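Each chain, written out:
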Amino acid sequence: MNKDEIQIILASSSPRRKELIKKLNLSYRIMIPHIDERLLDDYFFINKNNINIKEYPLKEAILKASSILSNYKLKENEILLTVDTAIVFNNKIYNKPKDKEEAFNTLKEFSSSNHECISGYQLIYKDKIIKKIVISKVYFNKLTSSLINKYLNEVNVLDKAGSYAIQDDKKYHLIKKIEGSYYNIVGFPLEEIKKDIDSLINE
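Here's a quick rundown of the structure.

### Section: the packing of helix 4 (residues 100–110) against helix 5 (residues 145–154)
Point 1. Their axes nearest at 10 Å, the elements helix 4 and helix 5 cross at an angle of 135°. As far as their axial angle goes, helix 5 and helix 4 are oblique. Both helix 4 and helix 5 take part in a crossing whose hand is right-handed. Residues Lys100, Ala103, Phe104, Leu107 and Lys108 of helix 4 pack against Ser145, Ile148, Asn149, Tyr151, Leu152 and Asn153 of helix 5.
Point 2. Split by residue class, the contact of helix 4 with helix 5 holds six nonpolar, three polar and two charged.

### Considerations on the pattern of salt bridges
Point 1. Inspection of the entire model under this criterion finds 14 salt bridges.
Point 2. For Arg29, the salt bridge identified is with Glu78, shortest N-O distance 3.4 Å. Here the residue Arg29 occupies a position in strand 2 (residues 27–31), and Glu78 occupies one in strand 3 (residues 78–89), the gap between them amounting to 49 residues.
Point 3. For Arg29, a relative accessible area of 29% puts it in the partly exposed group.

### Thoughts on the nonpolar core
Point 1. Among the nonpolar cores identified, the biggest contains 45 residues, and Tyr164 and Phe188 are the most heavily contacted of them.
Point 2. At the level of secondary structure, the elements contributing two or more residues to this core comprise strand 1 (7–11), strand 3, helix 4, strand 5 (114–125), strand 6 (128–140), helix 5, helix 6 (182–186) and helix 7 (190–202).
Point 3. With residues near it in sequence (within four places) discarded, Phe188 still touches Leu10, Arg17, Leu20, Ile21, Leu24, Leu81, Val83, Tyr183 and Ile193.
Point 4. Counting nine residues, the second-largest nonpolar core is a separate cluster that includes Tyr72, Leu74, Leu80 and Ile124.

### Things to note about the packing of aromatic side chains
Point 1. Throughout the structure, instances matching the rule amount to eight aromatic pairs.
Point 2. Between the aromatic rings of Tyr182 and Tyr183, the centroid separation amounts to 5.4 Å while the plane-to-plane angle is 80°, which identifies the pairing as edge-to-face.
Point 3. Judged by relative accessible area, which is 23%, Tyr183 ranks as partly exposed.
Point 4. An aromatic cluster of at least three residues, connected via ring pairs, comprises Phe89, Tyr94, Phe110, Phe140 and Tyr164.
Point 5. The positively charged end of Lys92 is found above the aromatic ring belonging to Tyr94, 4.8 Å away from the centroid.
Point 6. In this arrangement the basic side chain of Lys177 is found over the ring face of Tyr139, its NZ or CZ atom lying 4.7 Å from the centre.

### Regarding helix 3 (residues 56–69)
Point 1. Helix length check: helix 3, at 14 residues, gives a terminal C-alpha distance of 20 Å against a target of 20 Å (1.5 Å per residue), a fit within 8%.
Point 2. Among the residues making up helix 3, those that are buried are Tyr56, Pro57, Leu58, Glu60, Ala61, Lys64, Ala65, Ser67 and Ile68.

### What to know about the environment of Phe104
Point 1. Position of Phe104 among the secondary structure elements: in helix 4.
Point 2. Ignoring sequence-local partners within four residues, the contact set of Phe104 consists of Ser145, Ile148, Asn149 and Leu152.

### What about unusual backbone geometry?
Point 1. The backbone of Asn90 shows a phi angle near 50°, a positive value even though the residue is not glycine.
Point 2. Of note, Ser112 is a non-glycine position whose phi angle comes to about 60°, a positive value.
Point 3. Inspection of the secondary structure assignment puts Ser112 in the loop between helix 4 and strand 5.

### Some details on the side chain of Asp196
Point 1. Along the chain, the position of Asp196 falls in helix 7.
Point 2. Looking at Asp196, the relative accessible area reads 7%, which means it is buried.
Point 3. When neighbours within four sequence positions are excluded, Asp196 is seen to be in contact with Tyr121, Leu123, Ile130 and Lys132.

About the thresholds
Residues numbered from 1 in each chain as written. Predicted model: local features only at pLDDT ≥ 70, side-chain atom pairs only at ≥ 80, totals over all residues. Heavy atoms only, no water. Axes fitted to C-alpha atoms, helices over the stretch in contact; angles between N-to-C directions. Helix = DSSP H or I, 4+ residues; strand = E, 2+ residues; numbered from the N terminus. Parallel < 35°, antiparallel > 145°, perpendicular 65-115°, else oblique. Left-handed = near helix turned anticlockwise from the far one by under 90°. Contact = heavy atoms within 4.5 Å. Nonpolar A, V, L, I, M, F, W, Y, C, P; charged D, E, K, R; others polar. Salt bridge = Lys/Arg side-chain N within 4 Å of Asp/Glu carboxyl O. Buried < 20%, exposed > 50% of the residue type's maximum accessible area, 1.4 Å probe, protein only. Core = buried A, V, L, I, M, F, W, Y, C linked by side-chain atoms within 4.5 Å. Phe/Tyr/Trp six-rings, centres within 6.5 Å; stacked < 30°, edge-to-face > 60°. Lys NZ or Arg CZ within 6 Å of the ring centre and 35° of its normal. Expected span 1.5 Å × (residues − 1).

Have a look at this one:
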């Protein structure tokens, strides 16, 4: 099928993913999945000794796809894309903080250390499915309490897993360096997704 005829269905409510999908230069539309993420959280907590925590985002992406496909049948020219990203430090997932105090404590933990940003995504096109996990590492500078407080007073982190966003960092310099995909840390491993979409279309 001609690439110009392809339409991506992005199953996400994330404003950052809605911006980044434009970089694929493909037609797209948004559909919002309806899943109870707490069920997956509970499943991983109960089985945490037997499950690789790095699989969590991919499991979440698969759930999102199931939610969409339970009410919608893909057309011949449509590719369903679902993505989830988790911040993992010391084998623990750091979700969106419930308040500034939790955000402060998280950033204190990340100070002078490194953590992983792990994205799982699934692509469905006709009878083909691609599932992938992408991992990037983020190294933090030593953060003073005053810097953390300044950051939390000026940046809304309550909608950000791990209590920070790499795209806000030019002013604050929380981050010392990264290893891997920048876009993966934002929550949308653009390079890998683009490569896999191309392979699906050209097969």
